[in-house]
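Structural description and commentary
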Amino acid sequence: MDHPTSGPKAAEAYERARKVIAGGVSSDARRSAGVPLFVDHAAGAELWDVDGRRFLDYVLGQGPGLLGHASPLVADAVAAQARRGVAYAAQHELEAEVAERLCAMVPCAELVRFNSVGSEAVHGAIRLARGHTGRTVIIKFEGNYHGWLDPVLYSVHPDLAAAGDARHPAAVGGSAGLPPNGAADLIVLPYNDLDALAEIFADRGDTIAAVIMEPILCNTGCITPDPEFAAGARSLTTEHGALLIFDEIITGFRVAPGGGQEVIGVTPDLATFGKAMAGGMQVSALVGRRDVMDTISNGTVAHAGTFNSHPVAMAAANAVLTELHDQADRLYPALRQTGRSLMDGLRQIAGRHGVPLLVDGPGPVFQTYITDRSEVRDYRDFAGCDRSAMARLHELLYAGGVNIVPRGLWFLSTAHTEAQVAETLDVAEAAFARL
Ligand SMILES: Cc1ncc(COP(=O)(O)O)c(C=O)c1O
């Protein structure tokens with residue numbers, strides 16, 4: 001069935017794309033049951049598709065648009081740098097400037113290396129953890145996404161029958177073609193379950209190189225972990241000589257200037273950043289403790305990339321981080337307030353229409369779940385929500401001109417206005433009435 005709102009130009013563009021692009025899309029995340037969104041242009045909190053249809057956008061490029069689309073700040077920085085040269089694959093002064101900003105803003109950042117995308121930064125973190133500790137085992141949590149590369153593409157949204165026991169889940173590969181023993185050194189555990197983590201450390205603590213987690217889980221609902229869980233992950237890794245890695249690709253600069261680690265008050269050994277850090281330009285960073293990062297400095301662990309510290313991306317990152325740092329006292333409270341207005345408004349509307357809606361998250365990013373539960377703590381809880389009703393809600397919102405991440409995640413930007421929130425709530429009112 002075609003998407004209810006796809007117009008003729010989008011349908012034509014999709015037909016054309018399907019002839020030359022595998023599946024008609026360049027990322028599996030853009031697959032759609034019908035014709036995917038074909039964007040013509042975007043500005044601030046709005047985007048327009050090729051058929052001229054306007055959307056209030058809460059996807060924001062899957063997170064990067066923290067300052068809104070086509071931010072003049074980013075556009076000017078990009079244009080100015082593009083005229084000075086696009087790719088040097090050599091040192092330039094902007095990269096130290098951006099690294100200094102990262103070290104000033106992010107609690108765990110003492111040294112930095114840049115890459116282009118989040119998956120690469122995570123790959124670097126995993127290799128560095130193994131190279132630094134001389135151990136092999138990585139612990140990840142069910143429902144956490146750390147990019148599409150082989151070592152970590154397991155148990156993001158696994159089939160429950162394949163994943164088995166909630167306390168001791170199997171590592172379920174997210175693709176054909178992963179190495180046959182790819183999960184041999186990976187342990188998957190339930191998120192937010194300190195006992196399960198402590199049990200593994202008691203059992204195999206001296207083999208564990210690192211625990212990797214989203215400090216606020218944004219790929220399976222939007223879950224702020226229990227303080228005891230986050231603090232426990234910190235103390236167990238320290239006690240057993242393993243590293244704690246926070247994957248802040250979504251949370252970084254979005255939930256606070258210092259990322260999720262600032263919000264939950266736990267400082268990891270390593271962290272990865274991407275998405276919001278350069279206003280939509282492709283850049284990621286691996287940051288962390290000096291002595292750990294020095295395993296890269298001294299050449300023991302290899303890290304490279306033609307486009308690393310790409311000058312145009314660095315110019316964008318410098319502009320964005322300077323703004324977020326200098327204007328933090330104004331921007332973050334406003335962003336959280338916009339998030340609160342929207343979250344409260346959605347709760348009220350759902351209540352009026354008798355829809356069991358749970359809305360949760362820090363505000364700059366949040367999740368709507370359709371469920372009778374009072375909280376969602378992990379992937380199993382998430383899987384128990386009414387995901388087909390959520391998909392239907394997404395469809396109705398989309399048909400009304402509100403674009404959210406289909407699984408129910410909402411990203412906000414500093415460009416969203418109260419008037420746009422009110423307009424969104426009007427669309428939601430109509431959507432809930434029909435749900
Ligand atoms: C937490 C997290 N880590 C890593 C990644 C991978 O980043 P990228 O898509 O830029 O490779 C993502 C992407 O959504 C993510 O959400």
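Since we're looking at a predicted model, the values are computed, not measured.

From N to C terminus, the chain includes 14 helices and 14 strands. In terms of C-alpha radius of gyration, the chain reaches 21 Å, essentially the compact-globule figure of 22 Å for 435 residues. Overall, the C-alpha framework of the chain stretches about 55 × 55 × 50 Å when taken along its three principal axes. Counting only residues that meet the buried cut, the chain has 54% of its 435 residues in that class. Surface summary for the chain: the accessible area is close to 17800 Å², and the carbon and sulfur share equals 51%. In the chain, which carries 35 positive and 51 negative side-chain charges, the distance between the mean positions of the two groups comes to 4 Å.

Further remarks concern the pattern of salt bridges. Throughout the structure, instances matching the rule amount to 16 salt bridges. Two residues, D226 and R377, come together in a salt bridge whose shortest N-O distance is 2.8 Å. In this pair, D226 is assigned in the loop between β7 (208-213) and α7 (227-240) and R377 in the loop between β12 (365-370) and α12 (379-383), connecting sequence segments 151 residues apart. Judged by relative accessible area, which is 23%, D226 ranks as partly exposed.

Quick look at the sheet that holds strand β8 (residues 243-247) now. Taken in spatial order, the seven strands line up as β4-β10-β9-β8-β7-β5-β6 in an open sheet, and their pairing is mixed. Single-partner strands in this sheet number two, and they are β4 (111-115) and β6 (186-189). Pairwise comparison of adjacent strand axes, ignoring direction, gives a mean angle of 20 degrees for this sheet. Here β7 runs beside β8; their pairing, made up of four bridges, is parallel. Pairing of A210 across the sheet is with L243, part of β8. Packed onto the sheet, helix α3 (residues 93-105) meets β4 and β10 (284-288) and runs at close to 125 degrees relative to β4. Packing against the sheet, α7 makes contact with β5 (137-141), β7 and β8, and its axis sits at approximately 140 degrees to β8.

All right, on to helix α14 (residues 418-434) then. Taking 1.5 Å of rise per residue, the 17 residues of α14 would be expected to cover 24 Å, and the 25 Å separating its terminal C-alpha atoms lies within 8% of that figure. Buried residues of α14: Q420, V421, T424, L425, V427, A428, A431 and F432, and no others. For α14, the angular spread of the buried residues around the axis is 165 degrees, confining them to a single face. Every exposed residue of α14 that faces more than 90 degrees away from the buried side is listed here: A419, D426, A433 and R434.

What follows covers the domain arrangement of the chain. Its domain assignment divides the chain into domain 1 (8-70 + 328-434) and domain 2 (72-326). Centre-to-centre, using C-alpha coordinates, domain 1 lies 25 Å away from domain 2. Facing the 33 residues of domain 1 at the interface are 38 residues of domain 2. Both faces considered, domain 1 and domain 2 share a buried interface measuring about 2800 Å² in area, 59% of it formed by carbon and sulfur atoms.

The next subject is the packing of helix α13 (residues 387-399) against α14. One can describe the packing of α13 onto α14 by two numbers: an axis separation of 9 Å at closest approach and a directional angle of 135 degrees. One element, α13, and the other, α14, form an angle in the oblique class. The two elements α13 and α14 meet at a crossing, and its hand is right-handed. Here α13 contributes R392, L393, L396 and L397 to the contact with α14, which in turn contributes V427, A428, A431, F432 and R434. Along the lines of polarity and charge, the residues of the contact of α13 with α14 split into seven nonpolar, no polar and two charged.

Definitions and cut-offs
- Counting starts from 1 at the beginning of each chain's written sequence and moves along it residue by residue.
- The predicted origin of the model limits local features to residues at a pLDDT of at least 70 and limits the giving and counting of side-chain atom pairs to 80 or more, whereas totals for whole chains, interfaces and linings rest on all residues.
- Each side-chain value is worked out from all heavy atoms of the structure, with water and hydrogens disregarded.
- Each helix is a run of H or I in the DSSP string that is no shorter than four residues. Each strand is a run of E no shorter than two, and both are numbered from the N terminus.
- With the radius of gyration taken over C-alpha atoms, the globule rule is written as 2.2 Å times the number of residues to the power 0.38.
- Summary of the burial criterion: residues with accessible area below 20% of their type's maximum are buried, those above 50% are exposed, and those between are partly exposed, where the area comes from a 1.4 Å probe applied to protein chains only.
- Using the Shrake-Rupley algorithm and a 1.4 Å probe, accessible areas are obtained, with residue cover drawn only from the displayed protein chains.
- Residues counted as positive are Lys and Arg, residues counted as negative are Asp and Glu, and His and the chain ends are not counted.
- Charge positions come from single atoms, namely NZ of Lys, CZ of Arg, CG of Asp or CD of Glu.
- In what follows, salt bridge is the name for a side-chain nitrogen of Lys or Arg lying within 4 Å of a carboxyl oxygen of Asp or Glu.
- The pairing criterion for strands is at least two bridges between them, as found by DSSP.
- Only the stretch in contact is used when fitting a helix axis, every axis being a line fitted to C-alpha atoms; angles between N-to-C directions are given from 0 to 180 degrees.
- Contact definition: two residues touch when any of their heavy atoms are within 4.5 Å.
- By this rule the span expected of a helix is its residue count minus one, scaled by 1.5 Å.
- Here, the arc refers to the directions that run from the helix axis to the C-beta atoms.
- Segment limits for the domains were obtained from an automatic or database-derived domain assignment.
- In short, buried area is how much 1.4 Å probe accessible area vanishes from two parts on joining, totalled over both.
- Put simply, angles under 35 degrees are roughly parallel, angles over 145 are roughly antiparallel, angles from 65 to 115 are roughly perpendicular, and the rest are oblique.
- Working rule for handedness: look at the near helix, and if it is turned counterclockwise from the far one by less than a right angle, call the crossing left-handed; if clockwise, right-handed.
- By the convention adopted, Pro, Cys, Tyr, Trp, Phe, Met, Ile, Leu, Val and Ala count as nonpolar, Lys, Arg, Asp and Glu as charged, and the other residues, Gly among them, as polar.

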